[in-house]
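# What the coordinates show
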Amino acid sequence: MKYKIFKKKKNYYKKNECAIINIYENDKIKKNILKYNLILKEIKKYNFKGKINTHLIIKDINSVKKEDCILIGCGKKKKINKNIFLKIIKNSFKIIKKYNYKNIIYFLNKIKIKKKIYWKIFNIIKIFKKKTYLFDKFKNKKNNKYKDIKINFLVKNKREYILTKKAIKKSLIIFKGIKISKNLCNTPPNICNSTYIYKKINNKIRHPKIKISCLDKKKMSSLGMNAYLSVNKGSYNKPLMIQIKYNNNKNMKPIVIIGKGVTFDTGGISLKTSQNMYKMKYDMSGAASIYGIIYIISKLNIKINLIGILACAENMINGNSNKPGDIIKTLSKKNIEIINTDAEGRLILCDVLTYVEKYDPKFVIDIATLTGSCAIALGNKINGLLSNNKKLSSCLIKSSLEIEENIHELPLFSQYKKYLKSNIADIKNCSNTIYGGTIIAACFLSYFTKKYKWAHIDIAGTAYNNNGSTGQPINIIVQFLINYIKKKWKKII
């Protein structure tokens, strides 16, 4: 899909196949607003009321150019709000899809709600991008029927033109970043391993302020990152801890974002069931999110000092794999008793969380498909959040509300640490109880985050669905970072 802007009505009559216009319920329609008497006649003829989820198509409204007009029901004008607006936009997309229009003048950005132009344009593009996303890399027959669709927004003055242009440009960068992240997640695990991800990032992310490097098995071993490396012991593919340093503000402490990147998770000797195991290629969704976030931040040229770490490995099985009962020494020198080899993400993250102390970070955010318990507790629409800093978590929640995505904070109760006590090591990697799994996992990570402000985002329920990767929680983190650099949170964190 392509998006253009017209400042004057006379410019759009020449090429558009269709005009999509908002009609309110029981609204008094003036001739000089809709211009065509035919519209009034058709409304009366079909008794069109303008209710939500209704529409009326008027064929050949412009008899010379054969332009159609689609009236979209918007409900009662006084009751319209952001949720109704989003419903209207979704309904309009269904109509575009159904009737296969290619060149559209779109008036729905003119609907009046208590939101600025950017919010409206952003959410229109967000819905269209979500609905038109295709991953057809491995299909011989390509059929992207949405590629040539043009959505043309009409604006009334120079100010609206400038704001709409900025909104389109910024939105397209953000959704391009989400797309490349989703593409990476959807790539099959026989192709998408640590090395593939490293090469992909080097080819895709180019910016004078960016430096990309990685720690291989030998370097991690010399540092003492034994917990991280233990997860990959049963795999033929090598682990890599990929670092993307984007320093576009030398006067600030770095913000560190970490993504769990298990490119395939069998569960190890604590083997997962075969049902839906193919979806375990999405266990690297956290790392893919970091990829997308830094792509977006660099393309927007945000003045920030950001370090992204993609903690990539593979949890496979052979004679060298971790065994339940093993004890391993972490980078922090803590000894961990492995109770369950399927609780591998926290073994990777604990070493990375210790490693990033060297950067003296302003704060650290990790993103991980960590616990099935989070999906059970919050479902597949809400990201889990736990933090050792209330102000940091509050700012993340406020950012999520701005872009209409969901994040919910769970308590990081220190009392839950008792479930991690080990008789023979410093701590266990998981508990024996079936309750509070998400909180207990975050409590485990908290042992390694005492030297800085830290937030953990569990995306086990939101990272993917039956249609593939969702790109969560890229939007939230990008909005949070933009807010931070605008000093919106200066007095908070």
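Quick note: structure is the one above.
Below or above, wherever it landed, is the structure these notes cover. What you see as residue numbers is a count from 1 along each chain, following the sequence as written. In keeping with the model being predicted, local features are shown solely for residues with a pLDDT of at least 70 and side-chain atom pairs are shown and tallied solely at 80 or more, while totals for entire chains, interfaces and linings include all residues. Excluding hydrogens and water, the side-chain figures rest on all heavy atoms present in the structure.

So, on to the sheet that holds strand S13 (residues 363-368). Strand order across the open sheet formed by 8 strands is S7-S8-S10-S9-S13-S17-S14-S15, with mixed pairing between neighbours. The strands lining the two open edges of the sheet, one partner per strand, are strand S7 (210-215) and strand S15 (406-409). Taking the axes of each pair of neighbouring strands and ignoring which way they run, one obtains an average angle of 20 degrees across the sheet. Being paired, for any two strands, means DSSP has found at least two bridges between them. Where helices and strands are cited, they refer to DSSP runs of H or I of at least four residues and of E of at least two residues respectively, numbered from the N terminus. With 5 bridges connecting them, strand S9 (residues 255-265) and S13 associate as parallel partners. For helices, the fitted line uses only the C-alpha atoms of the stretch in contact; every axis is such a line through C-alpha atoms, and the angle between N-to-C directions lies from 0 to 180 degrees.

Before going further, it helps to spend a moment on helix H6 (residues 194-204). When a residue's accessible area, from a 1.4 Å probe over protein chains only, is under 20% of the maximum for its type it is buried; when over 50% it is exposed; and in between it is partly exposed. Every buried residue of H6 is accounted for by Ser194, Tyr196, Ile197 and Ile201. Taken around the axis of H6, the buried residues stretch over an arc of 160 degrees, which confines them to a single face. In H6, those exposed residues whose orientation departs by more than 90 degrees from the buried face are Lys199 and Asn203. By definition, residues are in contact when any of their heavy atoms lie within 4.5 Å. Elements in contact with the buried residues of H6: helix H5 (158-186), S7, strand S8 (240-247), S9, helix H9 (285-299) and strand S10 (305-315). For this quantity, the arc is that covered by the directions from the helix axis to the C-beta atoms.

As a further point, take the environment of Lys82. You can see Lys82 is positioned in helix H3 (residues 82-99). Separated by 316 residues in the primary sequence, Lys82 and Lys398 have C-alpha atoms spaced 17 Å apart. Once residues within four sequence positions are removed from consideration, Lys82 is found in contact with Ile113, Lys115, Trp119 and Glu404. A polar contact of 3.3 Å, which involves the side chain of Lys82, links it to the side chain of Glu404. We define a polar contact as two N or O atoms separated by no more than 3.5 Å, with the added condition that, inside protein, one atom must be a possible hydrogen donor and the other a possible acceptor, whereas residues neighbouring each other in sequence contribute only through side-chain atom pairs.

What follows deals with the sheet that holds strand S16 (residues 427-428). Two pairing modes exist for strands in a sheet, parallel and antiparallel, and in both the strands are linked by backbone hydrogen bonds. Sheet architecture is open: 3 strands sit in the order S11-S12-S16, paired in mixed fashion. Two strands in the sheet have a free side with no partner beyond their single neighbour: strand S11 (327-329) and S16. As paired strands, S11 and strand S12 (residues 335-337) are joined by 3 bridges and run antiparallel to one another. Its bridge partner lying in S12, Ile328 is registered against Ile336.

Inspection of the secondary structure puts Asp366 in strand S13. We score Asp and Glu as negative and Lys and Arg as positive, and we do not count His or the chain ends. Counted as salt bridges are all cases of a side-chain nitrogen of Lys or Arg within 4 Å of a carboxyl oxygen of Asp or Glu. Despite its burial, Asp366 pairs with no opposite charge, the nearest such side chain being Lys260 at 9.6 Å. In contact with Asp366, not counting residues within four places along its chain, are Ile258, Leu349, Leu353, Leu445, Trp454, Ala455, His456 and Ile457.

Bringing a nonpolar patch on the surface into the picture now. Patch building starts from residues that exceed 30% relative accessible area and form no salt bridge, then joins like charges within 9 Å and nonpolar side chains (Val, Leu, Ile, Met, Phe, Trp, Tyr) within 5 Å. Here the accessible surface of atoms and residues is derived via Shrake-Rupley with a 1.4 Å probe, and residues count as covered only by protein chains that are part of the display. On the surface, Ile269, Leu271 and Ile317 cluster together into a nonpolar patch covering about 270 Å² of accessible area. Inspection of the secondary structure puts Ile269 in the loop between S9 and H9.

Once that is clear, we can look at the pairing of strand S4 (residues 67-73). Counting buried positions over the 7 residues of S4 gives 7, a clear majority of the element. Burial of the side chains of S4 extends over both faces: Glu67, Cys69, Leu71 and Gly73 are buried on one face and Asp68, Ile70 and Ile72 on the other. Relative to S4, strand S2 (residues 18-23) runs parallel, the two being bridged by 6 bridges. For Cys18, the partnering residue across the bridge sits in S4 and is Asp68.

For the rest of this paragraph, the subject is the nonpolar core. Note that soluble globular proteins tend to have their nonpolar side chains buried in a common cluster. Counting residues in each nonpolar core, the largest one holds 102 residues, and the members touching the most others are Tyr106, Phe128, Ile151, Leu310 and Ile365. Filtering out sequence-adjacent residues up to four positions away, Leu310 remains in contact with Ile197, Ile201, Tyr228, Leu240, Met241, Ile242, Ile244, Gly259, Ala287, Ile290 and Tyr291. For our purposes a nonpolar core is just a set of buried Ala, Val, Leu, Ile, Met, Phe, Trp, Tyr and Cys residues, chained together by side-chain atoms within 4.5 Å. With 46 residues, the next largest nonpolar core counts Leu347, Ala441, Phe444 and Trp454 among its residues.

With that out of the way, let us pick up the side chain of Asn475. Mapped onto the fold, Asn475 is located in helix H14 (residues 474-485). By relative accessible area, which is 5% here, Asn475 ends up buried. Excluding residues within four positions of it along the chain, Asn475 makes contact with Phe122, Lys126, Ile174, Phe175, Ile178, Ile403 and Glu405.

All right, on to the packing of helix H10 (residues 345-355) against helix H13 (residues 437-446) then. Axis separation between H10 and H13 bottoms out at 9 Å; the angle between their running directions is 30 degrees. Classified by the angle between their axes, H10 and H13 sit roughly parallel to one another. H10 and H13 meet at a crossing whose hand is right-handed. Counted together, Arg346, Leu347, Leu349, Cys350 and Leu353 of H10 and Ala441, Phe444 and Leu445 of H13 form the full contact between these two elements. As a working rule, the residues Ala, Val, Leu, Ile, Met, Phe, Trp, Tyr, Cys and Pro are called nonpolar, Asp, Glu, Lys and Arg charged, and the rest polar, with Gly in that last group. Here the contact of H10 with H13 is built from residues that sort into 7 nonpolar, no polar and 1 charged. Under this scheme an angle from 65 to 115 degrees is roughly perpendicular, one under 35 degrees roughly parallel, and one over 145 degrees roughly antiparallel; angles in between are oblique. When the near helix sits turned anticlockwise from the far one by under a right angle, the crossing is termed left-handed; a clockwise turn instead gives a right-handed crossing.

The location of each charge is read from NZ of Lys, CZ of Arg, CG of Asp or CD of Glu. On the surface, Lys90, Lys94, Lys97, Lys130, Lys131, Lys145 and Lys381 cluster together into a patch of positive charge. Top contributing element to the positive patch by residue count: H3, with 3 residues. Along the chain, the position of Lys145 falls in the loop between helix H4 (117-132) and strand S6 (150-154).

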